[in-house]
Structure formats: C-alpha cells, structure tokens
Amino acid sequence: MSVIEVKNLTIGYGNNIILQDLNFEIKQNEITFLMGGSGCGKTTLLKHLIGLYPPMCGEIKIFNQSIVNNNINAKRKLMQSFGVLYQSGALFGSMTLAENINLVLEECSTLNAIQRRERAIEKLSLVDLEEFADYYPSDISGGMKKRAGLARAMALNPKLLFFDEPQAGLDPISSAGLDNLLKNLQRETGATFVIVSHELDSIFAIADTVFMLDKDSKSIIAQGNPHDLKRNPPNKWVNQFMHRDPTRK
Amino acid sequence: MRNFKKAIADIGVWGCDLKQNTYKTISVLGEFGLALFNAVRNPKRIRYHQCLYYFQQTGYESLPIVVMICLLMGVILGFQAALQLKQFGTDIYVADLVGLSIVKELGPLMVAIISTGRAGSSFAAEIGTMRVNEEIDAMVTMGIEPNRFLFIPRLIAMMGAVPILTIFGNLFGILGGLLIGRFQLGIPTVTYINRSLEVLTPAYLMEGLIKSVIFAILITVIGCLRGVQSGNDAHGVGRATTSSVVTGIFWIVISDAIMTTLFSIGGA
Ligand SMILES: Nc1ncnc2c1ncn2[C@@H]1O[C@H](COP(=O)(O)OP(=O)(O)OP(=O)(O)O)[C@@H](O)[C@H]1O
Ligand SMILES: [Mg+2]
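Below is a short write-up of the structure. The structure displayed is predicted, hence computed values, not measured ones. (Residues numbered from 1 in each chain as written. Chains lettered and ligands numbered in written order. Predicted model: local features only at pLDDT ≥ 70, side-chain atom pairs only at ≥ 80, totals over all residues. Heavy atoms only, no water.)

### Here we look at the sheet that holds strand β5 (residues 65-66) of chain A
All names here are of chain A.
For step 1, the next point in the chain: Taken in spatial order, the 4 strands of this open sheet run β2-β1-β4-β5, and their pairing is antiparallel. At either margin of the open sheet sits one strand with a lone partner, and together these are β2 (16-27) and β5.
For step 2, the next point in the chain: Note that strand β1 (residues 2-13) and strand β4 (residues 57-62) share 5 bridges and pair antiparallel. Within β4, the residue paired with valine 6 across the bridge is isoleucine 60. (Pairing = 2+ DSSP bridges. Helix = DSSP H or I, 4+ residues; strand = E, 2+ residues; numbered from the N terminus.)

Set out below in structure tokens:
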C-alpha cells in the first residue's frame, strides 16, 4: 500500500523548473530516503510534498487525498494527519518545549490541560528530553532542538512523518543515536517515515527504500534498496554517490 | 540603440516586479483582514495572554521614553512660544499653543513614531526570524493559521497600548509647557491649568486619540507585513526591519496629513 502518490509532478520557483515530471509512490510502514547532490531540489520536493508550495503541475496524494487540489479546510485537516521535523527544529522560541507540544495539542486535539501536559512529557521522554520540558529552545543545543522538534512532530501520533536533513550538523555519535531512535520509533509505531538526507551512513543503516534525485536530468535516476543500489548501480552517478567516490565509472 | 533597448527591458522588468509585489502585498493584507474577521467572529479563540505579553512589550516598556520625549517636546514648544508671545504681552496663550499642538498633533505623532521604532521594527524582526527558522512553515503544516498568532495579538495589544501611551504623552507634554509657563513667564500654576482645561475640549482629545488608534493599526500592519515578506536569511530580516520603520513613518505622516485635513473640514 502506498501512502504518498506523486503523478507527473513538476516543481520549481518562478519560471525556474527544479524537478520535472516525477512519478513515484512511497510505501506504507517503510523508511524512505530522498537523496541526491547538493542543490538538486530535495528540500524543494519535501516542501511541495507537505503542501507548503503549490506545484507547477501534477498531483500529490497523501492517504489518497490530494494536497494540491483541495479546499483550504480539507488541506488543513490533511496537514494535521502528518508530522514534519524541520531542519532546525522550528520550535517556537517564545515557548518552552512542553508548551511547544501543548500548542499543537491545544489546536488539533480535544485533550484537556492535564492530559496535554502528560502527552507532552510522554513525547519528550521518547526523545530523552523530559528533564528539559520547561526549558526554552534558546537554552538547549542544536541536536536537542532536533529531538524536541521530533517530539512535537509526533504529538498527534501521526502515521506519516517527514524529516528535513535530521542528521545534518550532528556529531557522529548523536547522528547514529538519532538513526537508532528513528528506526525504533518507526518499528514501534508502524508509521511511514520520509527522510531528506544525503548522509550515506544513515541511509545504509536505516533506509528501506531510497529515491535518488538528479540535478541535470531534473528527475529520479534511481530507486530501490540502498544496499542493492550499491551492489548494482544503474548508472555512473549512483555508483559514485553510493561509494563516495567521484572517479568511479 | 542597445542602451535604449536595455532601458526598455529594465522598465519592463521593473513593471513586472512592481505588479508582483503589489499582488503579494494585497494578498498578505487580505490574509490579515481575514484573520481579523475570524477573530471578531470567534473571539474565544484569540490568544489573550499573548496580547498581554505584547501589551507589556509595546506599552509598558515604552512608557519611560514616551514620557521623557513628550515632556521635552512640551518644554521646547513652550519655550519657543514664550519667546514670541512675550513680545505681545499675551503670555497666557502659551497654554493654548502647547496644549492644542500636543493634544491634537504632536502627542499622537511622537508616540506613533516612537512605537514604529520600538514595536513596528521588533514585529518585523521577530516575524522575519520566525520565517527564517521555518517556524511559520511549521505553523502552516500543523494546520494553524499563522496570522491568528502573529497578527491578531499584536494588533489588539497595539490598539490598546498606543492610545494609552498617547494620553500619558499628552499629560507630560502639557506639564512641559506648564514648567515653562511657571518658571519662565511666571504664570501661576492654577491659571495655566485652568486656561489649558478651557481650550482643550473633549473633541480635541478625541481627535488625538482617534489618530493614535489609526497609527497603531498602521504600525502593526506594516511591521507584520514586512516581517511576513522578509527574505529567507539574516540580510532579508535586516532589510525588513529597516523597511518597516521607513514605511511606517511614511504612512504615519501621510495619514496624519489626511486626518488633520478631514478633522478641520469636519469643523473640529
Ligand atoms: N526560495 C527559493 N527561490 C528560488 N530558488 C530556490 C529557492 N530555494 C531553493 N532554490 C533553488 O532550488 C534549487 C534546489 O534547492 P534545494 O534547497 O531544494 O536543494 P537541496 O537538494 O535541498 O540542497 P541541499 O542538499 O544543499 O540542502 C537550488 O538550485 C536553489 O538555487
Ligand atoms: Mg536542503
């Protein structure tokens, strides 16, 4: 079963096309990576998938509902059915970590104040931050912000989560720790994870499927299991990318 | 010929940019309007504690500077008026001149300009930074309408804070005039106050307060607008902040001119 279906999608800024005529599906209960070189449009694609920008043409369906052609209320409902972890965490600076999570619950659930606080602590303890519930985002480190952002993204127990470069800027140990955390969360919740990243270590450690985007052809040049792609690369670019070796043929 | 063609092309590009910017500005203003409409229709969903926070930030914390500037304004006005009026032996008219110009014009205007510098710029910088940090994107994907958080509480706070600051500004401006009247011209305090109360009709006070509410709305809309339109990096936020002050002062002066004209036609 596929959670996200993309048909004939073309995206870009102004008249500048970044990716063209994409067709792919993201399967349920898997960790899917969108990878590719710098500037190939990974972030751009992610922001279109979550409905922040309207595409130039084409269709994106999440849980069988269009996020492109839909009225504003349906779109808002659909957005509440998934969580997003932004690159910097995107925590609201004027609120503590617990209040950040509380806000989501207040707006999108019927829980009362006590239940909301409980849920906030529960989600923070998933990412090992329960002691920091009453800290402000400016008082914690970048890696902690990412984890707090993850806790907030999971506040409503979504069945689909998007991540923009979750490992970027983390030291190798935190990065590996985050990979384990993601893997475990995914196994426990049975949710679908879509991760934008070019961290090869993470990809080999936790990805079920990868899509490789390419800047020159503005399209997907490879897809499948990362270990298979490394063994049998369909073309030179994938070969170079997967082996971190720009001299390969 | 080449230069000529290039000039034409530049004008075309400039025109397209202008059209796009106007279109974007109008659509943001429309969103603000919609948020306001929803807030009026559904006042329970307004975030009142946030209003209080901004009220403290834009009102209470601005009080010292407002009081000081308006007091000095009154002193300066009183001093200049005293120099002129003394020649004709009409010293007591200092009270008229200071009182009327402060209450009708300078009080609201000075407070508005101070608020543009303090509040308008901080609105633009805060909202711009939130954009850079993807906080606004996060609100949208959480299904939250950003303007309900960003615009409405600031608007409510400013519509309360600016008129109150103006009242304080007026009082201290008149006090400044009084000091000159008392110590420079030797007018008894009671006489000065009575004269002021005589000329300052409620209509004049209202005129100043109405102006201050309009200024509050302008400052908030421009500050938030510039924040929402800010670029995606530190440079963009800086430019948005500067622009919020420049645009804010520009529109305050324009609207002041219009309102002063309207009030004088209206016979106030
Ligand atoms: N707001 C924008 N307006 C116009 N063009 C943009 C904008 N954001 C990105 N681009 C362009 O789109 C292209 C893709 O950018 P994007 O940020 O999606 O790349 P990316 O794959 O995420 O790269 P990285 O790995 O470096 O984050 C780039 O060439 C960039 O110049
Ligand atoms: Mg990116």
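Having seen the model, we can carry on.
### Structural notes on the interface of chain B and chain A
For step 1, the next point in the chain: At the junction of the two partners, chain B supplies 17 residues and chain A supplies 21 residues.
For step 2, the next point in the chain: Taking both sides of the interface into account, the surface hidden between chain B and chain A amounts to around 1600 Å²; carbon and sulfur atoms contribute 56%.
For step 3, the next point in the chain: It is Glu134(B), Thr141(B) and Met142(B) that lose the most area in chain B upon contact with chain A, and together they represent 38% of the buried surface on that side.
For step 4, the next point in the chain: For the interface between chain B and chain A, the tally reads 6 salt bridges.
For step 5, the next point in the chain: Glu107(A) is the salt-bridge partner of Arg45(B), the closest N and O atoms lying 3.7 Å from each other. (Contact = heavy atoms within 4.5 Å. Buried area = accessible area lost by both parts, 1.4 Å probe. Salt bridge = Lys/Arg side-chain N within 4 Å of Asp/Glu carboxyl O.)

### Comments concerning the nonpolar core
For step 1, the next point in the chain: The biggest cluster of nonpolar side chains holds 88 residues, and the ones touching the most others in it are Leu150(A) and Phe193(A).
For step 2, the next point in the chain: Here this core gets 9 residues from one element, more than from any other, and that element is helix α4 (residues 93-132) of chain B.
For step 3, the next point in the chain: Those residues in contact with Leu150(A), other than ones at most four positions away along the chain, are Leu85(A), Val127(A), Phe163(A), Leu181(A), Leu182(A) and Leu185(A).
For step 4, the next point in the chain: With 33 residues, the next largest nonpolar core counts Leu22(A), Leu34(A), Cys40(A) and Val196(A) among its residues. (Core = buried A, V, L, I, M, F, W, Y, C linked by side-chain atoms within 4.5 Å. Buried < 20%, exposed > 50% of the residue type's maximum accessible area, 1.4 Å probe, protein only.)

### Details of unusual backbone geometry
Negative phi values dominate among residues other than glycine, just as trans dominates among peptide bonds.
All names here are of chain A.
For step 1, the next point in the chain: Positive phi, normally seen in glycine, also occurs at phenylalanine 63, with a value near 50°.
For step 2, the next point in the chain: When you line up the elements, phenylalanine 63 lands in the loop between β4 and β5.
For step 3, the next point in the chain: The backbone phi angle of asparagine 157 is positive, close to 50°, even though this residue is not glycine.
For step 4, the next point in the chain: Inspection of the secondary structure puts asparagine 157 in the loop between α5 (142-153) and β7 (160-164).
For step 5, the next point in the chain: On the basis of relative accessible area, asparagine 157 is assigned to the partly exposed category, the value being 43%.

### Digging into the site of ligand 1
Residue and element names in this part refer to chain A.
For step 1, the next point in the chain: Around ligand 1, a shell composed of Tyr13, Ile18, Gly37, Ser38, Gly39, Cys40, Gly41, Lys42, Thr43, Thr44, Glu165 and His198 is seen.
For step 2, the next point in the chain: Separating an oxygen atom of ligand 1 from a backbone N or O atom of cysteine 40 is a distance of 3.3 Å.
For step 3, the next point in the chain: Between ligand 1 and threonine 43 there is a distance of 2.6 Å, counted from an oxygen atom to a side-chain nitrogen or oxygen.
For step 4, the next point in the chain: Against a free-state accessible area of 640 Å², the protein chains account for coverage of 60% of ligand 1.
For step 5, the next point in the chain: At 3 residues, the largest contribution of residues to the shell around ligand 1 is made by helix α1 (residues 42-49).
For step 6, the next point in the chain: Residues belonging to the shell around ligand 1 are distributed by class as follows: 3 nonpolar, 7 polar and 2 charged. (Near = heavy atom within 4 Å. Polar contact = N/O pair within 3.5 Å; in protein donor to acceptor, adjacent residues only side chain to side chain. Areas by Shrake-Rupley, 256 points an atom, 1.4 Å probe, with all protein chains shown as cover. Nonpolar A, V, L, I, M, F, W, Y, C, P; charged D, E, K, R; others polar.)

### Comments concerning a nonpolar patch on the surface
All names here are of chain B.
For step 1, the next point in the chain: A contiguous nonpolar surface patch, about 630 Å² in accessible area, is contributed by Phe250, Trp251, Ile254, Ile258, Leu262 and Ile265.
For step 2, the next point in the chain: Note that tryptophan 251 resides in helix α10 (residues 234-265).
For step 3, the next point in the chain: Residue class for tryptophan 251 comes out partly exposed when judged on its relative accessible area of 41%. (Patch = residues over 30% accessible without salt bridge, like charges linked within 9 Å, V, L, I, M, F, W, Y side chains within 5 Å.)

### Overview of the pattern of salt bridges
For step 1, the next point in the chain: Following the criterion strictly, the structure yields 17 salt bridges over all chains and no others.
For step 2, the next point in the chain: Between Asp137(B) and Lys47(A) there is a salt bridge, with its nearest N and O atoms 3.1 Å apart. Of this pair, Asp137(B) sits in helix α5 (residues 135-141) while Lys47(A) sits in helix α1, placing the two residues on different chains. Assigned by exposure class, Asp137(B) and Lys47(A) land together as buried.

### Quick notes on the packing of aromatic side chains
For step 1, the next point in the chain: Within this structure, the stated rule accounts for 9 aromatic pairs over all chains.
For step 2, the next point in the chain: Between the aromatic rings of Phe163(A) and Phe193(A), the centroid separation amounts to 5.0 Å while the plane-to-plane angle is 50°, which identifies the pairing as tilted. Remark: Phe193(A) occurs in strand β8 (residues 192-196) and Phe163(A) occurs in strand β7; sequence separation between them is 30 residues.
For step 3, the next point in the chain: Accessibility expressed as a relative area gives 1% for Phe193(A), which makes it buried.
For step 4, the next point in the chain: Taking the centre distance of 6.2 Å and the plane angle of 85° together, the rings of Tyr54(B) and Phe123(B) count as edge-to-face. One end of the pair, Tyr54(B), is in helix α2 (residues 48-58); the other, Phe123(B), is in helix α4, and 69 residues separate them in sequence. (Phe/Tyr/Trp six-rings, centres within 6.5 Å; stacked < 30°, edge-to-face > 60°.)

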